Every structure is written in C-alpha cells, then in structure tokens.
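Single-letter residue listing:
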Amino acid sequence: GLNHLVVACDSSCSVTDAEAVLMLSSLLDVAEKYQCSVTYIPCDTRVILEGVSFFESDEYPDDASGFVFPGRGGTRFDPVFKYVEDNIDDIDALIYFTDGHCRWPKDVPDYPVLWGITDASMLKRVEWGESVHVIPS
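Treat the numbers as computed from the prediction; the structure is a model and nothing was measured. (Residues numbered from 1 in each chain as written. Predicted model: local features only at pLDDT ≥ 70, side-chain atom pairs only at ≥ 80, totals over all residues. Heavy atoms only, no water.)

A.B. asks: Quick question: what am I supposed to make of the overall build of the chain here?
C.D. replies: What the chain contains, in helices and strands, is two helices and six strands. Along the chain, helices and strands appear, N-terminal first, in the series β-α-β-β-α-β-β-β. Whereas a compact globule of 137 residues would reach a radius of gyration of roughly 14 Å, the chain reaches 13 Å, a difference of no more than 12%. For the chain, the spread of C-alpha atoms along the three principal axes comes to 35 × 30 × 25 Å. Sorting the 137 residues of the chain into buried and exposed places 50% on the buried side. Counting contacts in the chain only where the partners sit at least 6 residues apart, residues at least 24 apart contribute 59% of the total. With the model as given, the accessible surface of the chain reaches about 7000 Å², and the carbon-plus-sulfur share is 48%. Computed over 9 positive and 24 negative side-chain charges, the separation of the two mean positions in the chain equals 12 Å. (Helix = DSSP H or I, 4+ residues; strand = E, 2+ residues; numbered from the N terminus. Rg over C-alpha atoms; globule rule 2.2 N^0.38 Å. Buried < 20%, exposed > 50% of the residue type's maximum accessible area, 1.4 Å probe, protein only. Contact = heavy atoms within 4.5 Å. Areas by Shrake-Rupley, 256 points an atom, 1.4 Å probe, with all protein chains shown as cover. Lys, Arg positive; Asp, Glu negative; His and termini not counted. Charge placed at Lys NZ, Arg CZ, Asp CG, Glu CD.)

A.B. asks: Is there a simple way to think about the nonpolar core in this case?
C.D. replies: Looking at soluble globular proteins, one finds that nonpolar side chains tend to be buried together. Ile41, Val80, Phe81, Val84, Leu94, Tyr96 and Trp115 are the most contacted members of the largest nonpolar core, which has 23 residues in total. Contributions of two or more residues to this core are made by β1 (4–10), β2 (37–43), α2 (78–87), β4 (93–98) and β5 (113–117). With four residues, the single largest contributor to this core is α2. For Val80, the residues in contact, after removing those within four places along its chain, are Ala8, Ile41, Cys43, Val47, Leu94 and Tyr96. In terms of nonpolar packing, the next biggest core, distinct from the first, is built from 22 residues, Val7, Leu24, Val38 and Ala93 among them. (Core = buried A, V, L, I, M, F, W, Y, C linked by side-chain atoms within 4.5 Å.)

A.B. asks: Honestly, helix α1 (residues 17–34) in this entry has me stumped. Any pointers?
C.D. replies: For an α-helix, the turn length of 3.6 residues means that residues three or four places apart are oriented alike. Relative to the 26 Å expected for 18 residues at 1.5 Å per residue, α1 spans 26 Å between its end C-alpha atoms, a close match to the ideal helical length. Taken as a whole, α1 has its buried residues at Glu19, Ala20, Leu22, Met23, Leu24, Ser26, Leu27, Leu28 and Ala31. Immediately downstream of α1, the backbone of Gln35 shows phi near 45°, a positive value. (Expected span 1.5 Å × (residues − 1).)

A.B. asks: Help me understand the packing of aromatic side chains in this model?
C.D. replies: The way to describe two aromatic rings as a pair is by their centre distance and the angle between their planes. A full pass over the atoms with the stated rule returns nine aromatic pairs. Here Phe81 and Tyr96 contribute two aromatic rings whose centre-to-centre distance is 6.1 Å and whose plane-to-plane angle is 35°, an arrangement assigned as tilted. With Phe81 in helix α2 and Tyr96 in strand β4, this residue pair connects regions lying 15 residues apart in the sequence. The same class applies to Phe81 as to Tyr96, namely buried. Ring geometry for Phe81 and Trp115: centres 6.0 Å apart, planes at 55°, overall tilted. Here the residue Phe81 occupies a position in helix α2, and Trp115 occupies one in strand β5, the gap between them amounting to 34 residues. (Phe/Tyr/Trp six-rings, centres within 6.5 Å; stacked < 30°, edge-to-face > 60°.)

Have a look at this one:
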C-alpha cells in the first residue's frame, strides 16, 4: 500500500479552470482510495510554495475548493522533482496532473511516477513513467 503520495498539479496558464477542478478532484479520488498521506504541490515554472500542503489520510479537503491553485505562468516539470528531492524523504509515488504542454524532464526519479494528462493529444509525448488520460466522469 501507499503511505505517502505526492501529487503535483500543473497550475500554468494553459490549464483551464475546468481542467484545474478535474485535477484537484482526481487528487481527492486517488487519496481517498488509498487512504494515505498526501503532499500537494502546485507548479507552473516554479513550485508555488504558498500552495504546498500536507494532508493526513483523515483530513483531506471536502472538494477541490479546499486547495490553493496559484500560478498561471508558464510550465516546467523539473521544479517539482527538485522540490521532492530536497524536501521529501518518504515518498512512495508521485502523480503529476498536467495538460502535458511542456518539455519532458530528462532525469528519471527513483520512485514511480504517474502522469495524469488532461489533453489526450499529449499522451504520446510521455517519455517515462506511466500515463493515463484524465477525463471528467
């Protein structure tokens, strides 16, 4: 099972408000399914530190409005992986929700990564990790 899941969300300007809600709702679905602690990391070209949050398995927000979704600049994936490397020791896996409009990081981390991609046309660009198309239910 999972003890600590890190969930990153692309908060760049190419992510629509509907996609943001979809990403955050998906985060809650995954967290509740696995009943693990979650570190939430919003990122555009940088990790948005004021939005980083840690939740124990019994304290998730009730819905997507319980998350800060700042940023809305460009897109870079690397800052999330650097943040995890520098700040989180007990990661079991990372899920990165994104529309996929960005260059792929070259360095592959030593923990499992799942890319939750909202733009189906970007699925073919995934260079490493696993990917899934995230669509509204």
